[in-house]
Amino acid sequence: MKPVSLLLRRGLIGAILLSSFGLAAGSASAAPLTLRYGHMNSPSSVAGQQAQMFADKVKEYTHGEVVIQVYPSSQLGKLQELAEATSTGVIALSHNTAGGIGALYEPVAALDTPYLYRNVDHLMKVTDIGSPVMKSLNKGLMDSAGVRVLYAYDFGTRELTTNKAVHGPADLAGVKIRSLPFPIYMTAVEALGAVPVPVDWSEVPTALATGQVSGQENPVDVVLSNKLYESQSYLIRTGHITNPELIIMNDRTWKKLSDAQRDAFSRAAEETRAKATEMVLSQETTQLEKLKELGMKVIGPEDGLDLKAFQDRAHALVQERFGKKFGELYQQIAAIK
């Protein structure tokens, strides 16, 4: 289903059309400019909290001239629909993994390559919108899809959850694991030794409950905030993707903002990026302990997990499938210190 038809069906299109740009946003008598931000995460997750945080800061820093209404939990569409809706201007903002944004401009997907970053600091430097990598990717996104990355934060390190103990790729032979429906994620799941099954996030609970898939992969925050411990027994600390989450905005909408409003958006973006990353990093240890208390068994290298076997498989598959396509970009990323 296309984004426009989805929103028409839900009776929201009248509110989402950007006709409000006809109002003088800087006028004291003008109604606030209202923009929609749609995403797939629960409001209680860090992703959900940062979306609302950004909206609150924009309202504050524009002195109420711009109001962002946040629609979490796939209310405005699935992963791909949200990206497309932002591109067409049906909604103003959304967030997604780099792999998801890569559906709009393929090179962006390289930011989600397995075992790409040296650490979180490296990820944050690469995904700063002022970095040479992001300047180039942002230009490509604007030219090809009419969207720009406002900011990116550390979404967390993606781990595997299953209903069986896993210590190496051989333990996942023939096991169906949910994958985001994007090539870089399908490759990551194959690198773990499993069979990737593309399932939209909104359908994951059903897929796990019915046995369509036997596991999935996500950061610890997502596992806890979505109660995946109720259907999954093990958390396997593969750490296969250190994951930036990209917040994108329709470029035509951005260009219609005043200079002062753009400055307010940029200020809100920088502060939200820093705070969301801090939240992810500070909560991970506590969240892991909470998952253990809730009954999940955690298997890491200290428990015999063969992390190098996963890394070697990932590097080989990435080189085979993406080395030629993204090789220069990988070199640019590695060069950022």
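Data block above holds the structure.
I will try to describe carefully the structure that is included in this document. (Residues numbered from 1 in each chain as written. Predicted model: local features only at pLDDT ≥ 70, side-chain atom pairs only at ≥ 80, totals over all residues. Heavy atoms only, no water.)

The next thing to look at is helix 6 (residues 120–127). Taken residue by residue, helix 6 has His-122, Leu-123, Met-124, Val-126 and Thr-127 as its buried positions. Considering only its buried residues, helix 6 is in contact with helix 7 (132–145), strand 4 (147–162), strand 8 (234–250), helix 12 (259–293) and helix 13 (307–335). In this structure Asn-119 caps helix 6, since a side-chain oxygen of it lies 3.2 Å from the backbone nitrogen of Asp-121. (Buried < 20%, exposed > 50% of the residue type's maximum accessible area, 1.4 Å probe, protein only. Helix = DSSP H or I, 4+ residues; strand = E, 2+ residues; numbered from the N terminus. Contact = heavy atoms within 4.5 Å. Polar contact = N/O pair within 3.5 Å; in protein donor to acceptor, adjacent residues only side chain to side chain.)

To continue, consider the nonpolar core. Leu-35, Phe-54, Ile-68, Leu-93, Leu-111 and Phe-265 are the most contacted members of the largest nonpolar core, which totals 92 residues. When residues of this core are assigned to their parent elements, the largest contribution, 9 residues, is made by helix 12. Counting 17 residues, the second largest nonpolar core, distinct from the first, contains Tyr-115, Val-175, Ile-299 and Phe-310. (Core = buried A, V, L, I, M, F, W, Y, C linked by side-chain atoms within 4.5 Å.)

On to the pattern of salt bridges, then. When their charged atoms lie close together, side chains carrying opposite charge are able to pair. Per the counting criterion, the structure on display carries 16 salt bridges. Here Glu-106 ties to Lys-325 by a salt bridge, and the two come within 2.8 Å at their closest N and O atoms. Taken together, the residues Glu-106 in the loop between helix 5 (98–101) and helix 6 and Lys-325 in helix 13 connect sequence positions 219 residues apart. The class of Glu-106 is partly exposed, set by a relative accessible area of 41%. On the basis of relative accessible area, Lys-325 is assigned to the partly exposed category, the value being 46%. Between Lys-275 and Glu-278 there is a salt bridge, with the nearest N and O atoms lying 3.6 Å from each other. Here the residue Lys-275 and the residue Glu-278 both occupy positions in helix 12, the gap between them amounting to 3 residues, near one helical turn. On the accessibility criterion, Glu-278 (47% relative accessible area) is partly exposed. A single salt-bridge network, built from bridges that share partners, covers Lys-57, Arg-267 and Glu-271. (Salt bridge = Lys/Arg side-chain N within 4 Å of Asp/Glu carboxyl O.)

Turning next to the environment of Leu-257. Mapped onto the fold, Leu-257 is located in the loop between helix 11 (251–255) and helix 12. What makes Leu-257 buried here is its relative accessible area of 4%. Separated by 191 residues in sequence, Leu-257 and Val-66 place their C-alpha atoms 9.2 Å apart.

For the coordinates displayed, the defined rule picks out 6 aromatic pairs. Considering the side-chain rings of Phe-54 and Phe-265, the 5.9 Å spacing of their centres and the 80 degrees angle between planes classify their relative orientation as edge-to-face. Here the residue Phe-54 occupies a position in helix 3 (residues 46–61), and Phe-265 occupies one in helix 12, the gap between them amounting to 211 residues. Residue class for Phe-54 comes out buried when judged on its relative accessible area of 0%. Between Phe-322 and Phe-326, the aromatic rings sit 5.7 Å apart at their centres with planes inclined by 0 degrees, giving stacked as the arrangement. One end of the pair is Phe-322 and the other is Phe-326, both in helix 13 and 4 residues apart, which spans about a single turn. Given a relative accessible area of 6%, Phe-322 falls into the buried group. By relative accessible area, Phe-326 is classed as buried at 4%. (Phe/Tyr/Trp six-rings, centres within 6.5 Å; stacked < 30°, edge-to-face > 60°.)

Here we come to unusual backbone geometry. Trans peptide bonds make up the majority, and among non-glycine residues the majority have a negative phi. One non-glycine residue, Tyr-115, adopts positive backbone phi at about 50 degrees. Looking at the secondary structure, you find Tyr-115 in the loop between helix 5 and helix 6. Relative accessible area serves as the criterion here: at 18%, Tyr-115 is assigned to the buried category. The phi dihedral of Lys-227 is positive, around 55 degrees, even though this residue is not glycine. Within the secondary structure, Lys-227 is located in the loop between helix 10 (220–225) and strand 8.

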